[in-house]
Structures are given as structure tokens and as C-alpha cells.
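# Commentary on secondary and tertiary structure
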Amino acid sequence: MSDKKTPRRDFIKLSAMTLGGVGAASLAIPFISSMNPGKDTLALASTEIDLTPLEEGQSLTVIWRGKPVFIKHRTKKDIEDAKNTSLADLPDAEEDSARVQNDKWLVVLGVCTHLGCVPLGQKTSDTKGDYGGWFCPCHGSHYDTSGRIRKGPAPTNLPVPPYVFLTDNRIKIG
Amino acid sequence: MKKLFFILFFLSSFNTFSAGSKIDIPKYDWSWKGFFGTYDRASAQRGLKVYREVCAGCHSMNYLSYRNLGDLGFSEDHIKAIAAENLILDGPNDEGEMFERDGLPSDKFANPYANDKAARAANNGAYPPDLSLIVKARPKGADYVKSLLLGYVDPPEDMTIPNGQHYNKYMAGNLIAMASPLSDGLVDYDDGTQNSMDQMTTDVTTFLAWAAEPSLEDRKRMGFKVILFLVVLFILAYISKQQIWRDVKY
Amino acid sequence: MSSNDPQGYKKTLNSPYTGFKGWVDSRLPLVRMMEAEYLKFPVPKSLNYFWSFGGIAMFCLIGLILTGIFLGFHYKPSADDAFDSVERIMRDVSFGWLIRYLHANLVSFFFIATFIHIFRALYFGSYKAPRELVYIFGLTMFMLMMATAFLGYTLPWGQMSYWGATVITNLFSAIPVVGDAILTLLLGDFTVGDAAVNRFYVLHWLLAFAIVGLVVFHVITLHMTGSNNPSGSEPQSWDETVSFHPYVTIKDLNATIFFFIILAFILFYYPNILGHSDNYIKANPMVTPAHIVPEWYFLPFYAILRAIPDKLGGVLAMFGSILALGLLPWLDTSKVRSCLFRPVWRYCVLLFAINFLVLMYMGGKPAEGIYVLISRIGTAYWFLFIFVLAPLVGFLETPRQPLSITNYLRSKKA
């Protein structure tokens, strides 16, 4: 094996191995990518809701990404109560203004942050708990008119999903 | 060399394995054929119109969703409008009842019939096949579909056509339950293209070909890159092999 | 004290390596095993590219397992959902179309590689002593391949899936007395249906991994004897061998890349050419396709099956054709291995290969007229080749003097 040949031989081998490595890595991409949610799942990843049928005081439940979302058309009293709460009274302190884009409409995930039950309060006949919002029957968590935890074992407020107002009466969640 | 011979021999004999019909199907020039073919989107859009106005009354398109039409160049708003023109069965609602609502882009194309039996009942016992895969589900694919649509010619004089059947030159057995669905000028095209039988059959077949294989363009594009890569890799590997084996003496 | 247990009752860890490699190797002797079997292993230097097809088959198997796993993440093994889930893979799963087409076409190329691999064994006498067990494990893997492919083909639940499954599982009813009971037990129902597709899915996975396991035995038995080579003569010195790495690794890599170029060509431009258009129609138990045809790699055996007019006889002939091949190491009486030095047997083997292709062509034709006649002649030759020609030609033929590896290589240079 002459020294003259070795650098050229090594170059060919090196480029072959590098190219092979690039090929192997590129081969992995489609396989890993196939594990992502499919296009049909992604198509259901956002939902548009028409708010016009919701009267003041009424609540609507929609399914978004497999979970319930509560949409409440809040009354003036609901909004006042939400805004007049002192942060010291809140186990998970959050201003109401940080949780709504338009005071009239509250959009929260209807999943109790304790262990995942769906709280009561959507129907007018439902109990709303001690704070006028929602009450979780599983372990007794009480949520207020801004969906914040007030009493009970739940650690955090009902999460607010990402949403935008497409028009004054139409929102897109997700 | 011997290895190459065997591989090519295997591959060249495959078209003899399909037990296809003995009827000669004319070959057409499709825009997606060949190594760099693509779907003619304008043609496919016109084909969609033909499908919706002529075929969708009886033939379902179960594997297409309205959102897939974005691939053909339709805007999101246009797709929402097309979807909303259809009624989709949904439910049960809180009263436990099924209800109908306007279609959404995420819905699959609405089925003209509630189920297969309803489809048969409405068509004299004949089932109008789903068209999502029809181009892949027939030997000679697109050529066959277009030929069939153009194949409603006069039957030979001595042949009696049973009631409910029609003579078709390209259907296996020459009898088909579907009457000729198309005629000159049947569908008006928005882009003003001449709506001859030949044009409409080309357009609807293009649409159906896309519906059966939407990934075709991605596939061919990837194929070019992959084969180019492999050829380069092969050349490098071949040179490596020659170099490594050079010092093997006898 | 045997050579397998040089330490006797007292065990101390040792390893020819140092550092981390040594620590692992002294506890799990994989490093020294890999080095002995895949780096330093002596291989005759006269191998031609026919010897690369075992490795190519292995890469096909790896590809099938990988694509199979990722398809399995999305496939639904029920009669109602299977076809739809495959269409979902094709349309909605990211790169699903690629993984599905790759899986389907790799099966065909796996069989192509295997057929060439087996032809090599027949032509160069690789099945003869002392490699009989390599050959037997190989044929066993081949039968498992066919079972796995059959099971896999039912999974998309197209028309051919359903009716092919119906025809082939009905063969079990040919077994006298218990046939029908066995069939019902296998299917979990009176006909091919939801119960069948569910369990076929499980069996498909099981058998695929069984093949992987058998590859280990196939290679172990091969490494006990070393590879055969075109001259049929064993290496007489180190000089007549090369180390597996880098000589055989680079040569096999070359062949594999070339093979995959052809696969890529089919996969990306003609992905459905080796399949049946009828399988894009959802399975319908009420409608039988005009021609039920199995996939191309089954066609020779399908021809043999239909050549025998009796149902049970056809089944026995079909399975028997492969089992009979397993007897070749003992039926072939010749002392010479390679057909290069067997002037009569080489034509018998070449004729066997051509016969295989003829039977393949016949299997795709309707079972009538001249096609049946040719299938019968082909089936007759298959068994004649094994039971009559192998012993007789070996006995009567005057072979040429086999060359050593070195002389064979020199004669090729000339």
C-alpha cells in the first residue's frame, strides 16, 4: 500500500461514509415524521364556534381536541364579581383581564385541574358552587365566574385554550 | 451481469401476470405520466365540477375530505363554501338524536346514500362504486376510466340488451348498469373551456386520478432525489470496492 | 477440560480487549464475537456477486421490520377498519404513502433476492455437505417468508386479500376427516372475516420475528463451515481467503446499493406494478373477482397446486415441492460441488431455474387448456429433478476436475 494512494483512498471512503450517513439520517426523517398526528387529526385541531345563539347567562360546551371547552356568555354580575375579587383570595392568583379577551365571553377548558373530572355549572339547573362559576362533584373544587379555583383540592385555575375572535360573534379555538 | 439479467428478466415479465380483459383499451396522454409528470390542476378543478354535478348524485367519494381540495389550488374560503353546500350526518345531540349539519372542510365528502343497501335499492340492485380509488382499482387505470365514459357506442346488431343494462365497448362483458352519464355540453366550465365529451372525460378522469393518488407528485419528486443520491453513493462505493480489492492477488 | 470451557470449574473474567470494551466483552463476549464473525472471518476470495444476495435479503428483512413497525402504529386489524386505516396511512399520515409502498415493494424484492440466493445454492452446490443445515434453515426461512407474506397480504382487506385468504385457507379443508374443523379453528369463524384478520395480524408479526431468529441459526451454521465459493473447493490456506471486513462488507454494500436503486425505481415510479388493482377495492364477501391470483412470488407454487387434479394431491405437491428440495443434500450423489465442473448437472439446474419461471408464468394464467398441460410438465420436472436426476446424474456424469480457488481465479483471468 503506497503512501501516494492512501490519501485518495481515504477521501473516497470518507465521502462514501459521509454520504451514507446523510442518507441514513434522511431515511429516519419520514419514519419519525409519520408518528406525528395525521392530517385528519390536525384538521380537527381547531374548531370555529358561532356565538350568536348564546344568550346572556348561557353556557355552551364544545369538544376541542377531545376535551370539553366551556364557553360562557357572562352576565354583568358575573363580570363584576370576577373583577372585584382581591388576588389574595385566590389560591392561583390571576386577574380576570388576563383570562378573557372580551369581558362578555369566558372560554376555558372544562377539565378540573385536580384529577380531570368535568365540573358542573354549564346547565342553568346545575349547581354553580359557592362562587357562581362551576363546581366539581368529584372532590369538591369550586371555580368562580372567571373559572378560577377558589376552594377545594384543585391547584390551578381552569386553563384558557388559545382562541381568536374571527368576528364579534365567531371564535376559533386552537 | 448475470445478476442484472435475472432482475431485469423478473421485472420485464410482470405485465403478463395481470389477468386483464382482452379488450384493447386506447392509451391517452396524461399530464401526470412519466418521471416528471404532475396533475394538470386546471383540468382537475374542472373535473371536480363534473364530479359534483354529474357523478356525486350516485357515486360516493369516501376517502376524500373537502380540505384535500386545497391541493388542487382551491382557496380556504372556496373550500368552506363547497363543504357547506353539503349536508353531513352528525350526532347524537344532547337529546340522543342524529342531526344534519352543513359540511366543514374537515369532513369527508358527503355520501349520496346512507349505506350500500340504500345505494343498491336506488339503482336497480346495482351498486355505484365509490370513486376515491377507481383509477387504481382497475387495470389500465385512467385509460380505462376515460375509455369507459366514451365507450357508450351502438351495440352490434345481433345483440339483445337486457332491461336496465347498457352496451359499453370497454366494460368487461360489454354490459354496464350505468347509462351514459355524460353528453356534449353537459357541464358548463367556469374558465370557459370547451365542454366537449373528450374534454369532460379527460377532466373528470384527471380529477379521479388525483383523488386516488394525491401523493403522486411528492413521490416522483422524492424519487428523483433518492435515485440520484443512490447513484452517487453507488459510484463512491464502487470506487471504494475497486480500491480495497486492488491488493488481492492470485 | 474441553476446548469450550478452558477454565474448567473456576471462572475468571478475561478479555483480549482493554478499557470499556474489555469490561463489556469480559462479561458479554459480544465484541470478540463480532470481531471474529464479522471482521476477521475468513471468506474465500473467489466469491462472485451471487454471494451478495444473502446480505441483500437481510437488508430487505430489516427494511420490512422497520416499515412494518411504523405501519403498525396506524393500521387497524379489523374487517371494518382495515381498508380504511390503510387509506388513512396513504393520505393522512405524514409520509405514510412512502412507508406503505416501501413495505409492499420490499416484500417483492426480498423474494427476488431470495430466489437468486437459492439459485446460487443449487448451481454452486452450497447445499452439499457440510452445509446441509445452512440449507435446511434457509428453506425453513423461505417457508416462513411465504407464510408471513400470505398473512401480510390479507391485512389491507382488499378483494384479493379476502379472496386469496379464502382460497388458500380452504386448502386446509383438504385434510381428510379433521380438515374442516381445523379450518374453523384457524379462522375463528366459518369464513374468513374479522376474527381472521385480527389473528393474521398477530401471526404476521410473530412469523416475521421468527424469521429474524432463524437468520441467527442460518448464520451460525454457515460460520461453522465457512462460505462456499464458485469453484466448490474449500480454501487450502489463508492466502485463498480475505477477511470479511473490509473486502466482503464493501462488496456486499455495492450490490445492496445497486439492488436498492432498482427498488427505488419501482417504488417511486411504478409502485403498484407488482400488485393487483383488485386489491384497491374493499373486500366484498358477496362478489368474487374474475381471476383470483396470488402475488407473483407465489405463482410457481400456485401452478403446481392447480396442476394436480385432486385437491389434497395439489396441496401435498405444493408443500412437497419445497420439502423435497430439502432432501437434495442427500439425494445428490455427486462428489463435485460446483456446476462449473459438472457438465450435465449444470443444464439440469439451469433448466430447473427456467422451469421455475415457466411455472411462475403459468400460475398467472387461468387453469385451463395448454396452461394446465405445461404446469403439469413443469411440476413433473421439478420432482424429477430432485428424485431422479439428482441421484442419477451425480452417479453417471463424468465431472471435470474441480479447480482450487487460486487456479479457478487464474483461469478466469485468462
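Residues numbered from 1 in each chain as written. Chains lettered and ligands numbered in written order. Predicted model: local features only at pLDDT ≥ 70, side-chain atom pairs only at ≥ 80, totals over all residues.

### Here's the deal with the overall build of chain A
- The helix and strand inventory of chain A stands at three helices and nine strands.
- Listing every helix and strand of chain A by position from the N terminus yields α-α-β-β-β-α-β-β-β-β-β-β.
- Reported as C-alpha extents along the three principal axes, the dimensions of chain A are approximately 90 × 35 × 30 Å.
- A separation threshold of at least 6 residues defines the contact pool for chain A, and within that pool the share at least 24 residues apart is 51%. (Helix = DSSP H or I, 4+ residues; strand = E, 2+ residues; numbered from the N terminus. Contact = placed C-beta atoms within 7 Å.)

### With respect to the overall build of chain C
- When helices and strands are counted, chain C shows 16 helices and two strands.
- In terms of overall size, chain C behaves like a compact globule, its C-alpha atoms giving a radius of gyration of 24 Å where 414 residues would be expected to give roughly 22 Å.
- Across its three principal directions, the C-alpha atoms of chain C cover 65 × 60 × 50 Å.
- Every one of the 414 residues in chain C was classed for burial, and the buried ones make up 46%.
- Considering only contacts in chain C between residues 6 or more positions apart, those separated by 24 or more positions represent 77%. (Rg over C-alpha atoms; globule rule 2.2 N^0.38 Å. Buried ≥ 20, exposed ≤ 12 C-beta atoms within 10 Å, placed from the backbone.)

### Section: the domain arrangement of chain A
- Each domain of chain A was delimited in the assignment, giving domain 1 (1-36) and domain 2 (42-173).
- Taking only C-alpha atoms into account, the centre of domain 1 of chain A sits 55 Å from that of domain 2 of chain A. (Domains from an automatic or database assignment.)

### With respect to the sheet that holds strand 8 (residues 163-167) of chain A
All names here are of chain A.
- With respect to topology, three strands assemble into an open sheet ordered 1-9-8, the strand pairing being antiparallel. Here the strands that pair on one side only, and so sit at the sheet edges, are strand 1 (47-50) and strand 8. Strand-to-strand twist across the sheet, computed as the mean angle between neighbouring axes with direction ignored, equals 25°.
- Direction of pairing for strand 8 relative to strand 9 (residues 170-173): antiparallel, over a ladder of four bridges. In the strand pairing of strand 9, Thr167 is matched with Arg170. (Pairing = 2+ DSSP bridges. Axes fitted to C-alpha atoms, helices over the stretch in contact; angles between N-to-C directions.)

### Quick look at the environment of Ala255(C)
Residues and elements named next belong to chain C.
- Residue position: Ala255 is located in helix 10 (residues 244-269).
- Taking the C-alpha atoms as reference points, Ala255 and Ser52, 203 residues apart in sequence, are found 6.4 Å from one another.
- Setting aside residues no more than four positions away along its own chain, Ala255 makes contact with Tyr49, Ser52 and Ile56.

### A look at the sheet that holds strand 3 (residues 67-73) of chain A
Residue and element names in this part refer to chain A.
- Taken in spatial order, the three strands make up an open sheet running 2-3-4, and their pairing is antiparallel. Both edges of this open sheet fall to strand 2 (59-64) and strand 4 (105-109), since each of them pairs with a single strand only. Neighbour to neighbour, the strand axes of the sheet diverge by 20° on average, direction disregarded.
- Pairing geometry for strand 2 and strand 3, over six bridges, is antiparallel. Paired with Ile63 across the strands is Pro68, a residue of strand 3.

### Concerning the interface of chain B and chain C
- Each partner contributes to the interface: chain B provides 37 residues, whereas chain C provides 41 residues.
- Every element with two or more residues in the side of chain B that touches chain C is listed here: helix 1 (2-12) and helix 7 (216-245) of chain B.
- Top element by residues in the side of chain B that touches chain C is helix 7 of chain B. It accounts for 16 residues.
- Split by residue class, the side of chain B that touches chain C holds 26 nonpolar, five polar and six charged. (Nonpolar A, V, L, I, M, F, W, Y, C, P; charged D, E, K, R; others polar.)

### Regarding the packing of helix 6 (residues 132-154) of chain C against helix 7 (residues 159-170) of chain C
Residue and element names in this part refer to chain C.
- Two numbers describe how helix 6 lies on helix 7: the axes approach to 8 Å, and their chain directions differ by 135°. In terms of orientation, helix 6 lies oblique with respect to helix 7. Taken together, the residues of helix 7 that come into contact with helix 6 (itself represented by Phe150, Tyr153 and Thr154) are Ser161, Gly164, Ala165 and Ile168.
- Looking at the contact of helix 6 with helix 7 residue by residue, the classes come out as four nonpolar, three polar and no charged. (Parallel < 35°, antiparallel > 145°, perpendicular 65-115°, else oblique.)

### Comments concerning the domain arrangement of chain C
All names here are of chain C.
- For chain C, the domain assignment lists domain 1 (45-233 + 244-292) and domain 2 (297-405).
- Between domain 1 and domain 2, the C-alpha centre-to-centre distance is 22 Å.
- With 29 residues of domain 1 in contact, the opposing surface of domain 2 contributes 25 residues.
- Listed by contribution, the elements that provide at least two residues to the side of domain 1 that touches domain 2 are helix 5 (96-124) and helix 6.
- Top contributing element to the side of domain 1 that touches domain 2 by residue count: helix 6, with eight residues.
- Residue composition of the side of domain 1 that touches domain 2, by class: 17 nonpolar, nine polar and three charged.

### So, the pairing of strand 6 (residues 141-144) of chain A
- Burial along strand 6 of chain A is two-sided: Ser141(A) and Tyr143(A) and His142(A) and Asp144(A), pointing in opposite directions, are all buried.
- Taking the residues between adjacent antiparallel strands as the criterion, strand 5 (residues 132-136) of chain A and strand 6 of chain A are bridged by four residues, where Gly140(A) takes a positive phi near 80°.

### Observations concerning helix 5 of chain C
Residue and element names in this part refer to chain C.
- Given a rise of 1.5 Å per residue, 29 residues ought to cover 42 Å, and the 42 Å separating the end C-alpha atoms of helix 5 matches this to within 8%.
- With respect to burial, helix 5 is a largely interior element, 27 of its 29 residues being buried.
- Just downstream of helix 5 lies Gly125, where phi reads positive at about 70°. (Expected span 1.5 Å × (residues − 1).)

### Brief notes about the nonpolar core
- Ranked by internal contacts, the top residues of the largest apolar core, which has 114 residues, are Ile56(C), Cys60(C), Phe110(C), Ala113(C), Trp157(C) and Val197(C).
- If you tally residues by element for this core, the top one is helix 5 of chain C, at 20 residues.
- Among residues more than four places away in sequence, those in contact with Trp157(C) are Ala79(C), Ala82(C), Phe83(C), Tyr162(C), Val197(C), Lys282(C) and Ala283(C).
- In this structure, Tyr66(B), Leu149(B), Met171(B) and Ala212(B) belong to the second largest nonpolar core, which totals 40 residues. (Core = buried A, V, L, I, M, F, W, Y, C linked by C-beta atoms within 7 Å.)

### Focus on the packing of helix 12 (residues 311-325) of chain C against helix 15 (residues 369-396) of chain C
All names here are of chain C.
- Following both chains from N to C, one finds helix 12 and helix 15 inclined at 30°, their axes separated by 10 Å at the closest point. Classified by the angle their axes make, helix 12 and helix 15 are roughly parallel. Classified by chirality, the crossing of helix 15 by helix 12 is left-handed. Within the contact between the two elements, helix 12 uses Ala317, Ser321, Ala324 and Leu325 and helix 15 uses Thr379, Trp382, Phe383 and Ile386.
- For the contact of helix 12 with helix 15, the residue count by class is six nonpolar, two polar and no charged. (Left-handed = near helix turned anticlockwise from the far one by under 90°.)

### Describing the interface of chain A and chain C
- Taken together, the contact between chain A and chain C spans nine residues of the former and 11 residues of the latter.
- Broken down by element, the residue count for the side of chain A that touches chain C peaks at three residues, all from helix 1 (residues 5-33) of chain A.
- For the side of chain A that touches chain C, a count of residues per class yields three nonpolar, four polar and two charged.

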